[in-house]
Amino acid sequence: MRFLLTIVALAGSLAAPAVAQPTAKPPAAPTPHWPDGRVNLGPLPGGKGHWNSGPGLLSETPIKMNGAFLADPSDVDKVAPFQPWAKALFLYRQQTQAKDDPHSRCQGPAGPRQFTTPYGLEIVDQPELKRILILSAGAGHSWRTIYTDGRSHPTGEDVNPTYYGHSVGHWENETLVIDSVGFNERFWMSGRPVGMVHTDQLHLIERISRPDFNTLRYEATIDDPGAYTRPWKGQAFNIPWSPVESEEFFCTDNNRYGLQHDGSIAK
Amino acid sequence: MRFRAIGSMSVALGMLLASTPVSTHHSFSAEYDITKPIKLQGLVTKVEWMNPHTYFYINVKDENGKVTNWALEMGAPGALQKQGWTRNTLQIGDDVTVEASLAKDGSDKANASAVYKGGKKLGAASSYSAGN
């Protein structure tokens, strides 16, 4: 048996393997609705599919990106109206290549990041229960509840800060509007650019629509007087439909991030 | 270590472009260095077909005969399946060649971008995508 270590120059590009993708993009179709007129944010009855993660960018204005990082850090003021401390922290997270990202430790994909987390999500409308569930396939394989029964947010001592916070929702014509408070500070709320800062004062307003069958439209308004100088709105972005079932994904199953080969913590 | 030293030398010789970008649960550049490509050949000793990343391990013998066990990270099982893999694609004892990027922490770990088995090139659903 031959054991051989060779170190070579990779002078050429390593082209992607020529393998077939399991599914083609589904044909264009209009926005689906339930019999009562509500927008259907999931598959057709008897069908399958989920919202795949996309490269959604949480930024007030367009900026040039290099993956999850600002191509030019001097563009930082185009991203959001940061308070000085929040800007410094965001830039630190960017400059250190997101090495401390809680997401890499399998923490909840909360805030706007839920809509860009790898392996996607499903939105399950349960009108008989007056709630909508957002099932995140990626990260910790967790779910978030949006109450649509008209209840208010808890206040004062009743607020228990959590990753997903407390969310209530209502429909404005074809758009689901979700209002959330009660977040903890143990997650980074964006994956692109990675490392956007928030505090437990975050008040998040999300507007979700389905302009056609294959597209989920997402827009977030960030109202966090602890981290920003004024409320601001991220540019809306689209999330593509994937016509296959979402997969089981428990990030904690064998997460070796930050560990060396022998399982010890990397220095 | 000699592997890393030699791997660094190869940086000047070529530019590595990874396979299909796949977003995963951590920043590639937080853990791996795309400018330090390495090519390894050896026998598979273990396969962890698990989330959030599939790992496999190979025994690699250097020019002095010393055997080192390397850990190679790939994408999640679901992402690999989209590139034609199954859970049985790699078996213990398989003789494979791997193109990968070295870990920044200096351990015997690398992020695979391509795996060659029996002359066939397989993707690795690497977490590398331009700039991250």
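Residues numbered from 1 in each chain as written. Chains lettered and ligands numbered in written order. Predicted model: local features only at pLDDT ≥ 70, side-chain atom pairs only at ≥ 80, totals over all residues.

Q: Any details on the overall build of chain A? Residues and values, ideally.
A: Of the regular secondary structure elements, chain A holds two helices and 13 strands. Within chain A, the fraction of its 267 residues that count as buried is 34%. The long-range share in chain A, meaning contacts at least 24 apart out of those at least 6 apart in sequence, stands at 57%. (Helix = DSSP H or I, 4+ residues; strand = E, 2+ residues; numbered from the N terminus. Buried ≥ 20, exposed ≤ 12 C-beta atoms within 10 Å, placed from the backbone. Contact = placed C-beta atoms within 7 Å.)

Q: Account for the overall build of chain B, naming residues and giving values.
A: Check the secondary structure of chain B and you find three helices and six strands. Helices and strands appear in chain B in the N-to-C order α-α-β-β-β-α-β-β-β. Across the 132 residues in chain B, those meeting the buried criterion constitute 49%. Across chain B, contacts joining residues at least 24 apart in sequence account for 60% of those joining residues at least 6 apart.

Q: Describe unusual backbone geometry, with residues and values.
A: With the exception of glycine, the majority of residues adopt a negative phi angle, and the majority of peptide bonds are in the trans configuration. With an omega of 0°, the peptide bond between Arg 192 of chain A and Pro 193 of chain A qualifies as cis. Mapped onto the elements of the fold, Pro 193 of chain A is located in the loop between strand 9 (175-181) and strand 10 (203-212). With an omega of 0°, the peptide bond running from Asn 51 of chain B to Pro 52 of chain B counts as cis. Relative to the helices and strands, Pro 52 of chain B resides in the loop between strand 1 (32-48) and strand 2 (55-61). Located in the positive-phi region is Gln 97 of chain A, a residue other than glycine, with phi close to 55°. For Gln 97 of chain A, the location among the structural elements is in the loop between helix 2 (84-95) and strand 5 (121-126).

Q: Before we move on, can you summarise the confidence of the model for chain B with the specific residues and values?
A: Residue and element names in this part refer to chain B. Residues of chain B with pLDDT of at least 70 account for 78%, and the chain-wide mean is 82. Taken as a whole, residues 1-23 scores under 50 in pLDDT and shows 55 contacts with residues more than four places along the chain or in a different chain. On the interface metric, ipTM, the complex scores 0.76, and its pTM is 0.83. (pLDDT = per-residue confidence, 0-100.)

Q: Pulling in residues and values, what's your account of the nonpolar core?
A: If you look at the biggest cluster of nonpolar residues, it comprises 77 residues, and the most contacted ones within it are Ile 58, Leu 72, Ala 110 and Ala 112 of chain B. Here the element with the most residues in this core is strand 1 of chain B; it accounts for five residues. (Core = buried A, V, L, I, M, F, W, Y, C linked by C-beta atoms within 7 Å.)

Q: Could you give an account of the pairing of strand 5 of chain A, with specific residues and numbers?
A: Of the strand pairs in this sheet, strand 5 of chain A and strand 6 (residues 131-136) of chain A are connected by six bridges, and their pairing is antiparallel. Counterpart to Glu 122 of chain A in the pairing with strand 6 of chain A is Leu 135 of chain A. (Pairing = 2+ DSSP bridges.)

Q: Quick one: what's the story with the pairing of strand 10 of chain A, residue by residue and with numbers?
A: All names here are of chain A. Judged from the five bridges that link them, strand 9 and strand 10 form a sheet pairing that is antiparallel. The partner of Ser 180 across the bridge, within strand 10, is Leu 204. Pairing analysis gives eight bridges linking strand 10 to strand 11 (residues 215-223), with the strands arranged antiparallel. Each bridged residue has a counterpart across the sheet, and for Asp 212 the counterpart in strand 11 is Thr 215. Following strand 10, the chain reverses through two residues before pairing antiparallel with strand 11.

Q: Could you give an account of the environment of Tyr 147 of chain A, naming the residues involved and the relevant values?
A: The topology assignment puts Tyr 147 of chain A in strand 7 (residues 143-147). What Tyr 147 of chain A contacts, discounting residues up to four positions off in sequence, is Lys 130, Arg 131, Ser 167, Val 168 and Gly 169 of chain A.

Q: Describe helix 2 of chain A, naming the residues involved and giving the relevant values.
A: Residue and element names in this part refer to chain A. With twelve residues, helix 2 ought to run about 16 Å at 1.5 Å a step, and its terminal C-alpha atoms sit 16 Å apart, in line with that. Taken as a whole, helix 2 has its buried residues at Ala 86, Phe 90 and Arg 93. Viewed along the axis of helix 2, the buried residues span an arc of 60°, placing them on a single side of the element. In helix 2, those exposed residues whose orientation departs by more than 90 degrees from the buried face are Pro 84, Trp 85 and Tyr 92. On the buried face of helix 2, the contacting elements are helix 1 (76-79). (Expected span 1.5 Å × (residues − 1). Arc of directions from axis to C-beta.)

Q: Break down the environment of Ser 190 of chain A for me, with residues and values.
A: Residue and element names in this part refer to chain A. Along the polypeptide, Ser 190 turns up in the loop between strand 9 and strand 10. Here Ser 190 falls in the buried class, since 27 other C-beta atoms lie within 10 Å of it. Ser 190 sits 43 residues away from Lys 233 along the chain, and the two C-alpha atoms are 13 Å apart. Once residues within four sequence positions are removed from consideration, Ser 190 is found in contact with Leu 58, Pro 112, Arg 113 and Met 196.

Q: Got a sec to walk through the environment of Gly 78 of chain B? Specific residues and values, please.
A: Of note, Gly 78 of chain B is situated in helix 3 (residues 77-81). Once the C-alpha coordinates of Gly 78 of chain B and Ala 114 of chain B are considered, the two residues, 36 residues apart in sequence, prove to be 17 Å apart. With near-sequence residues (within four places) excluded, Gly 78 of chain B lies in contact with Tyr 119 and Glu 247 of chain A.

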